[in-house]
Each structure stands twice: as C-alpha cells, then as structure tokens.
Amino acid sequence: MSAGKIVKGMSALALIFLYAPILWIVVYSFNESQLVTVWSRFSTKWYAALLQDEQILRAARISLEVALLSATGATVLGTMVGYALARFGRFPGRTLFSGLVIAILAIPEIIMAISMLLLFVALESATGWPHRDVQTIVMAHITFSTAFVAVVVQTRVSELDVSLEEAAADLGARPLRVFFLVTLPLIAPALLSGWLLAFSLSLDDLVITSFVSGPSSTTLPMVVFSKVRLGLNPEINALGTLIILIVSLVAALSLLRTMFRRRGA
Amino acid sequence: MIPAPQDSPWADAAAVPQLRIRNVVKSFDSFAAVDDVSLDIFRGEFFSLLGASGCGKTTLLRMLAGFEFPDRGAVELDGIDLLKLQPYERPVNMMFQSYALFPHMSVAQNIGFGLRSEGLSRDHLEERVANALKLVQLSGFAQRKPNQLSGGQKQRVALARALVKRPKVLLLDEPLSALDKKLREATQFELINIQKQVGVTFIMVTHDQEEAMAMSTRIAVMDKGRVVQVGAPHEIYEYPHSRFVATFIGSINLFEGMAAHGPDGWRVDCAHWGGPLRVAQDLAALDHHQVALGVRPEKIRIAPPDEHLAADNFSDGVVREVAYLGESMLYRVALPSGFLVRVAAPNVGTRFSPGQTVRIGFDAGAGVALDK
C-alpha cells in the first residue's frame with residue numbers, strides 16, 4: 001500500500017471517529033420511536049414537539065442572550081487587555097498582569113465556579129447585589145472568556161507593524177483616532193474570532209453556569225443535562241440537529257465570505 | 001555639483017537655522033543610542049544622517065518625529081520647542097522605511113488621512129489629494145489599494161501622504177532601501193526634484209553612502225551615537241576628519257607614518273611606502289605626530305614601469321589582483337614592502353594583469369592627513 005493510501009485511510013478513520021456520533025444524532029432525530037436507540041420509521045414529530053416545548057425554547061433564548069452579552073463584554077475587555085499586553089511595553093506589573101490573564105485559562109472550571117458563586121453570594125449579602133440570574137451568568141462567562149479573547153487579540157496586535165500606528169499619529173491623529181481608524185479595522189478579524197470563541201464557550205458552558213445561575217435563568221445546556229438524567233428523549237436529537245445546522249450554516253457563510261474576498265482582492 | 005555660496009546657508013554665520021538640535025542624549029537601558037548630538041539644519045536643505053546600522057541615526061530621526069523623547073537636550077523648530085509636542089502635534093511628517101501604508105484604505109484615503117483631522121471642506125480635501133497624486137505622478141491610482149501597487153508606487157504614495165500635510169520638515173527613514181538598484185537611481189533624482197518643487201526641508205536617514213552623496217546638501221556621518229563629521233558631500237569625501245569617516249565613505253588607502261617638515265615642504269615618512277610622501281597640506285599642527293595619509297584609489301595613477309609618471313610621489317609595484325568594474329579597473333598593487341595599495345583607473349588605454357610590474361604615483365595634493 002502506498003503512503004498516499006495510508007494517509008487517506010487514516011484521514012477517513014479520523015473523520016468517521018469525529019463525525020459518526022453527530023451523524024447518528026441527525027439520523028435519529030427523524031426517528032418516530034419514543035426510544036432513542038431503536039429505529040422504527042421516519043418522522044418529524046420530534047421537531048414539532050421541540051417547537052412546542054416552552055422550557056427548551058425559553059432556555060435557548062436565555063442561552064443566546066447570555067452568549068451575545070458575554071461574548072460582546074469579553075471582546076471589549078479582552079481587546080483592551082490584549083492591546084495593553086502587546087503595545088504598552090514593559091509597564092510595571094506587566095508580568096503579573098499577563099500571568100493572571102493566562103492563569104484563568106488553566107484554572108479548573110469547577111474551582112472557578114465555586115469561587116464565583118462564593119463571591120456573588122458574599123457580595124449579595126453585603127450589598128444586595130447581584131441577584132443570581134442572567135446577569136451573574138454573563139459576568140461569570142465574561143470572566144473566563146476574556147482571557148481567550150485577550151490571547152487572540154494580543155497575537156494579532158503583536159503581528160501588526162507598529163509603524164502603521166506611528167504613521168497615523170505622525171499624520172495628526174490622536175491616540176483614540178489612531179485606535180479606531182487604523183488599529184481596530186486591522187485587528188477586526190481577531191476581534192471577530194475572539195467574539196465567536198467567547199460566544200461558543202458561553203453557549204456550551206455547563207459547570208460554571210449551573211453554579212452561578214438562579215431559578216429563573218436555566219440555560220440550554222442545563223436543560224439538556226437535566227433531561228438526559230431523566231432518560232434520553234428523542235427531542236434532544238432534534239435540538240442537536242438544529243444546532244448543528246445553524247453552526248454549519250455560519251461556518252459555510254464565513255468560508256464563502258473569505259473565498260469571495262480572496263477572489264475580489 | 002558643488003553648491004554655490006548662496007545655496008549653503010550653513011557657511012553663513014548670520015543665517016538662522018530652521019531646526020536646532022542641542023546636546024541630545026537618548027539611552028536605552030544603559031546603552032547610549034544617541035550621545036550628545038548637536039546639529040543645525042537650514043530651511044530647504046536635503047540633510048542626510050549617514051551611518052551603519054545601530055549608529056543612532058534612526059533613533060535621532062524618531063525623536064524628531066516624536067516617537068522617542070530624549071533624556072537630555074533640546075530640539076527647536078522655527079523657535080518652537082518640539083519636545084513639548086506629541087507626534088500628532090508636530091509640524092513634521094515622516095516617510096517610513098516600510099512605507100506604513102494603511103492596507104484597508106485606498107491610495108486616496110491614505111493620502112487624505114492626515115487632512116481629515118484638519119477640518120477641510122470635502123472639495124478642498126479632494127483637491128489637495130489630487131495635487132499630491134499629481135506631484136508623485138500617480139493620478140490614475142487614487143482608488144487602488146496598497147496591495148495592488150508595486151514597490152516604487154507604494155514609495156511614492158508614502159511620499160505624497162507625508163507631503164500633503166505641508167510639513168515644515170519631512171523625515172525620510174531609508175526611503176529607497178526597499179527598491180531595486182535601477183529604480184533606486186531614478187527615484188533619487190525624482191526625490192531631489194520633488195524636494196526642490198515643494199521647498200520643504202528633507203532629513204533622510206540612510207546607511208547607503210552613495211545615496212547620501214548623490215542626494216544631500218549636507219551629510220552628518222554618525223558612529224556609536226555621535227556625529228563624527230558634518231559637511232557637504234564633497235567635503236566629507238575629500239576632507240574627512242578621521243580615519244572612520246575616510247574609510248566609511250568610499251574606499252581609501254591609509255599610509256601610516258610620522259608627519260615631518262623637510263626642504264620640499266611637509267611630508268609623511270611612511271615605512272610601507274618605503275620613503276617620504278610629499279604632502280601639500282599644512283601639517284604644522286600635526287608635526288611629529290603619527291598620522292595616516294589617506295589617498296583615494298582614483299587619485300592614484302598607474303603606468304608601465306618604464307613610463308615617466310608626472311607625480312610628486314611614485315613607487316614601483318606588482319599587480320596582485322584586478323577587478324573589472326566596467327566603468328573602471330580596480331587594481332591591488334603590492335609595494336616592495338608588501339603593502340597593498342588600491343588603485344582605480346578609468347577603463348581606457350592600457351590594462352594591466354596580475355603579476356605585471358607597474359609604477360604608481362599620486363600628487364602631493366591628493367592625500368589628506370588624518371590623526372584620529
């Protein structure tokens with residue numbers, strides 16, 4: 001067997017390994033049977049059931065709201081952190097600052113969850129704020145995803161030729177103008193990928209969310225997890241299929257956009 | 001061309017310099033990048049800061065632009081203290097070595113960028129941009145993006161973008177280093193023409209001595225953070241003050257020896273030459289000092305050994321190496337002492353080959369005695 005064939009075979013195996021479970025969910029979402037593992041016949045009844053399920057729809061709305069807010073917040077904070085690390089030189093405490101940012105990536109999720117819960121509880125009993133609901137989830141999500149955005153933005157800013165910003169200043173632009181007219185448009189792709197990363201991290205976070213959420217703020221992963229504990233329901237397959245569909249559409253659109261851009265340039 | 005006196009305000013004691021740099025010092029950690037530099041630069045000059053990389057020339061330029069601030073010293077432009085101003089407040093613009101064109105803006109937007117903060121009317125702004133494009137002969141390129149331009153076109157957009165602000169001084173950081181040799185030569189003349197048209201003072205940083213010689217009214221040669229000599233190109237070349245400048249600018253033969261006075265006037269007793277070298281220069285200040293007599297290769301003539309060579313100093317030698325440069329021949333001639341002398345001869349008449357015995361000689365006025 002030639003090397004090319006071995007590579008192809010291994011690639012195929014890897015793809016099957018990665019995508020077979022996903023394909024399984026898609027196929028079984030069209031299964032009529034009440035039992036998740038037994039195929040009876042084709043049906044879309046679980047999709048209809050899903051669209052009637054107030055609990056899931058509400059959780060999906062909350063999840064999206066949390067993801068949008070926390071991804072945006074994390075992008076703003078993370079951009080400031082990444083820019084400072086890349087551009088402000090050796091300011092006092094830089095090593096400590098960058099270490100603390102990176103440490104968030106390494107701290108076990110469960111530890112973060114407990115510490116944030118304790119913080120919110122202590123804060124609430126001391127000041128009456130924050131009440132545990134969507135806002136505490138958003139704050140917790142911003143906390144862990146800011147570090148990811150910061151790393152992505154720092155890398156991009158470091159790659160950016162400093163003389164572009166210097167040229168803008170030389171041409172009479174004050175620092176804020178330089179940032180918004182030159183730096184920001186040039187690091188925008190990094191901001192977008194940072195935002196998407198933060199969005200998806202927020203969307204599927206379960207551990208931290210479970211700790212800091214309140215009774216009125218159940219997110220989608222929490223609903224799914226609780227449903228799974230009560231026994232698998234084919235409705236979850238339908239939900240998974242819809243999410244996969246949305247993610248693939250977004251991925252396909254961004255791919256098309258890059259291809260179109262390359263051809264346009 | 002040697003500038004006429006009215007073109008050389010630096011020779012006029014009453015002339016007021018446009019830019020005064022006074023005892024400027026800039027250190028990074030403990031390393032003095034710029035060490036006590038003072039320069040007077042006059043309106044309309046094409047001034048070059050010349051030196052090897054790491055000599056502090058770029059740091060000095062960046063301090064003029066405002067990207068670095070000196071630890072000590074003063075910089076005044078038309079009587080205004082530049083050091084009190086941020087880069088975006090200085091009436092100075094810079095052309096970057098990388099050109100630093102904004103990749104997400106068109107050529108017209110790049111050039112108009114500096115005008116947007118000046119509060120001009122739309123028509124006025126467009127007219128200024130169009131004029132700037134015309135100046136650099138890129139009128140049809142307004143809507144292109146930087147990545148659709150050649151290196152030479154990018155260079156001209158960068159120039160237009162810096163000039164459109166009508167700065168009092170234009171700073172150029174290695175403006176030609178990214179161009180190939182042919183284009184570089186054409187661009188040199190174009191830059192000189194544009195500078196004459198707009199009348200703005202140009203200060204250029206370069207490591208290329210030919211570029212500095214060809215373009216500048218004056219050159220400041222820098223070494224280890226200090227200015228070692230300032231002068232017009234011909235002064236720097238013909239009358240270097242030190243061995244460093246003599247060897248940095250062009251190529252030169254250094255004949256080491258003791259300066260002394262004899263019946264025929266001043267001489268340098270050079271063991272390598274095997275006798276006294278007659279010197280036209282007055283060496284009274286250097287009497288009995290160890291000096292090096294610097295003689296440029298093209299000032300030394302070369303002839304067959306039997307031919308009479310009308311020169312104040314001459315010696316026999318053997319050709320060791322020959323380099324054919326097209327316009328000239330470069331010989332390395334070994335003197336009887338074994339010392340190698342570089343001789344450049346125009347590519348006419350007799351050519352000599354390695355191993356041939358020749359006679360070389362130069363006039364008393366051809367050399368310059370250097371004690372530093």
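About the criteria used
- Residues numbered from 1 in each chain as written.
- Chains lettered and ligands numbered in written order.
- Predicted model: local features only at pLDDT ≥ 70, side-chain atom pairs only at ≥ 80, totals over all residues.
- Helix = DSSP H or I, 4+ residues; strand = E, 2+ residues; numbered from the N terminus.
- Buried ≥ 20, exposed ≤ 12 C-beta atoms within 10 Å, placed from the backbone.
- Pairing = 2+ DSSP bridges.
- Axes fitted to C-alpha atoms, helices over the stretch in contact; angles between N-to-C directions.
- Contact = placed C-beta atoms within 7 Å.
- Nonpolar A, V, L, I, M, F, W, Y, C, P; charged D, E, K, R; others polar.
- Domains from an automatic or database assignment.
- Left-handed = near helix turned anticlockwise from the far one by under 90°.

Sorry, what's going on with the overall build of chain B here?
The helix and strand inventory of chain B stands at 8 helices and 20 strands. In terms of its C-alpha atoms, chain B occupies a principal-axis envelope of roughly 80 × 45 × 40 Å. Buried residues in chain B amount to 39% of all 372 residues.

What is the right way to read the sheet that holds strand β14 (residues 290-295) of chain B from this model?
Within a beta sheet, neighbouring strands are joined by backbone hydrogen bonds and run either parallel or antiparallel to one another. Residues and elements named next belong to chain B. With antiparallel pairing, the 5 strands of this open sheet are ordered in space as β13-β12-β11-β14-β20. Of all strands in the sheet, those bounded by a partner on one side alone are β13 (275-278) and β20 (367-370). Each strand of the sheet is rotated relative to its neighbour by a mean of 45°, with strand direction disregarded. In this sheet, β14 lies alongside strand β11 (residues 253-262) in antiparallel orientation, the contact comprising 6 bridges. Bridge pairing in β14 places E256 opposite A292.

Explain the interface of chain A and chain B here, please?
In many analyses, interface size is given as the accessible surface area lost on bringing the parts together. On the side of chain B, 15 residues touch chain A, which itself brings 16 residues to the contact. Contributing elements (two or more residues each) for the side of chain A that touches chain B: α7 (162-170) and α8 (175-203) of chain A. The element best represented in the side of chain A that touches chain B is α7(A), accounting for 7 residues. For the side of chain A that touches chain B, a count of residues per class yields 9 nonpolar, 2 polar and 5 charged.

Just to check I follow, could you spell out the pairing of strand β16 (residues 313-324) of chain B for this structure?
Remember that side chains alternate between the two faces of the sheet whenever the strand is regular. All names here are of chain B. When β16 meets strand β19 (residues 357-362), the two strands line up antiparallel, connected through 6 bridges. Bridge assignment links N313 to a residue of β19, and that residue is F362. Of the pairings in the sheet, the one linking β16 to strand β17 (residues 328-334) comprises 6 bridges and is antiparallel in character. Paired with V318 across the bridge in β17 is A334. From the end of β16 to the start of β17, which pair antiparallel, there are 3 residues, and G326 there has a positive phi angle of about 90°.

Quick question: what am I supposed to make of helix α2 (residues 107-116) of chain B here?
Because the α-helix completes a turn every 3.6 residues, residues three or four places apart line up on one side. The buried fraction of α2(B) is high, at 8 of 10 residues. Those residues of α2(B) not exposed but buried are V107(B), A108(B), N110(B), I111(B), G112(B), F113(B), G114(B) and L115(B). In this structure, the buried side of α2(B) is in contact with α7 of chain A together with α3 (122-135) and α4 (151-163) of chain B.

Looking at this structure, how should I read the domain arrangement of chain B?
All names here are of chain B. Segmentation of chain B into domains returns domain 1 (5-247) and domain 2 (251-370). A C-alpha centroid distance of 39 Å is found between domain 1 and domain 2. Contact residues are listed per partner, giving 6 residues for domain 1 and 6 residues for domain 2.

In this structure, what is going on with the packing of helix α4 (residues 94-106) of chain A against helix α6 (residues 134-159) of chain A? I would like to understand it.
Each pair of packed helices can be summarised by the angle the axes make with each other and by the distance between the axes. Residue and element names in this part refer to chain A. Two numbers describe how α4 lies on α6: the axes approach to 9 Å, and their chain directions differ by 115°. For α4 against α6, the interelement crossing comes out left-handed. Where α4 abuts α6, its residues V101, I102, I104 and L105 lie against F144, A147 and A150. Of the residues in the contact of α4 with α6, the class split is 7 nonpolar, no polar and no charged.

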